[in-house]
Amino acid sequence: MSIAYKRILLKLSGEVLAGEKGTGIDNDTVISICKSVKAVADMGVEVGIVVGGGNFWRGRTSEHMDRTRADHIGMLATAMNSLALADALEQLGADVRVQTAIEMRQIAEPYIRNKAIRHFEKGRIVIFGCGTGSPFFSTDTAAALRAVEINADVLLKATNVDGVYDKDPNKYPDAVKFDEVEFREVLARDIKVMDSTAFSLCKDNDLSILVFDLTNPDNVIKAVQGANIGTLVRN
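Our subject in this report is the structure included herewith. (Residues numbered from 1 in each chain as written. Predicted model: local features only at pLDDT ≥ 70, side-chain atom pairs only at ≥ 80, totals over all residues. Heavy atoms only, no water.)

Once that is clear, we can look at the nonpolar core. I8, L12, I49, L85, L89, L156 and F212 are the most contacted members of the largest nonpolar core, which has 38 residues in total. Those residues in contact with I8 that sit more than four places away from it in its chain are V40, V45, E46, V47, G48, I150, A152, V154, L156 and V224. (Core = buried A, V, L, I, M, F, W, Y, C linked by side-chain atoms within 4.5 Å. Buried < 20%, exposed > 50% of the residue type's maximum accessible area, 1.4 Å probe, protein only. Contact = heavy atoms within 4.5 Å.)

Structure below.
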């Protein structure tokens, strides 16, 4: 089975883990996603994962709280999601390590780039928790940063939309989906793919982003096989 990418960074939103429940963690949804992730790893792809925490906490909506503290709570939410993903993958027989940007040695390894690379070389899936470890940065930025650090071939952004459109498809029925689009065109049209910091990191480091729909978890498998799904954003 041919693969288009040897090493990937998969960015999952926290909300996707909640399934139809809307909040918290839906076990069936998590297992379904993890089956596809394990299938990809079994194909010989080296898999890193960054997951958000929006199913538990959204720092930017906590108006009456200090932003730094709110973001720290969000980082802890991503740690919970990372552990849930790790547990589901282990149930399926995968070899997994969780690394966190904030030290919590009793439950996860501290993030060390060279150690993460070694895990990949040994066939382990590595889940990166706690975002960047700093406030004011989103988990999209954490995903871009980790992807660049580990020399990933692509950043897979799994979302609830099937790609990048020239305008909001929820508002405009005539919105046109791109199969492939350059970073500069996305910027010129002011299309929101990721937050600006994350997007700039990818553009400046020549890291392509594949945006696709995770409603069908098998799309993760199709993505690494190079199937024509979603939208590829590249230089």
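A198, F199 and C202 are the residues of helix α7 (residues 196–204) that are buried. Axial view of α7: buried residues confined to an arc of 95°, hence all on one face. α7 presents S196 and D204 as exposed residues on the side facing more than 90 degrees away from its buried surface. Looking at the buried residues of α7, the elements they touch are α5 (139–149), β6 (154–159), α6 (183–189), β10 (209–213) and β11 (231–234). Looking at where α7 begins, the residue whose side-chain oxygen comes 3.0 Å from the main-chain nitrogen of T197 is D195. (Helix = DSSP H or I, 4+ residues; strand = E, 2+ residues; numbered from the N terminus. Arc of directions from axis to C-beta. Polar contact = N/O pair within 3.5 Å; in protein donor to acceptor, adjacent residues only side chain to side chain.)

A few words now on the packing of aromatic side chains. The final tally for this structure, using the stated rule, is two aromatic pairs. Considering the side-chain rings of Y111 and F128, the 5.6 Å spacing of their centres and the 80° angle between planes classify their relative orientation as edge-to-face. With Y111 in the loop between β4 (109–110) and α4 (113–121) and F128 in strand β5 (residues 125–129), this residue pair connects regions lying 17 residues apart in the sequence. For the residue pair Y111 and F128, the accessibility class agrees, reading buried in each case. With a centroid separation of 5.0 Å and 65° between ring planes, the pair formed by F183 and F199 is classed as edge-to-face. Pair noted here: F183 is in helix α6 and F199 is in helix α7, with a separation of 16 residues, a long-range link. Side by side, F183 and F199 carry an identical accessibility label, which is buried. In this arrangement the basic side chain of R146 is found over the ring face of Y111, its NZ or CZ atom lying 3.7 Å from the centre. It is K167 that lies over the ring of Y172; its NZ or CZ is 5.4 Å from the centre. (Phe/Tyr/Trp six-rings, centres within 6.5 Å; stacked < 30°, edge-to-face > 60°. Lys NZ or Arg CZ within 6 Å of the ring centre and 35° of its normal.)

On to the sheet that holds β10, then. Strand order across the open sheet formed by nine strands is β4-β3-β5-β2-β1-β6-β10-β11-β9, with mixed pairing between neighbours. Edge positions in the sheet fall to β4 and β9 (180–182), since each of these pairs with one other strand and no more. One ladder, built from three bridges, connects β10 with β11; its direction is antiparallel. Of the residues in β11, the one forming a bridge with I209 is V233. In the packing of helix α3 (residues 67–91) onto the sheet, the strands contacted are β1 (7–12), β2 (46–51), β3 (96–100) and β5, and the crossing angle to β5 comes to about 165°. (Pairing = 2+ DSSP bridges. Axes fitted to C-alpha atoms, helices over the stretch in contact; angles between N-to-C directions.)

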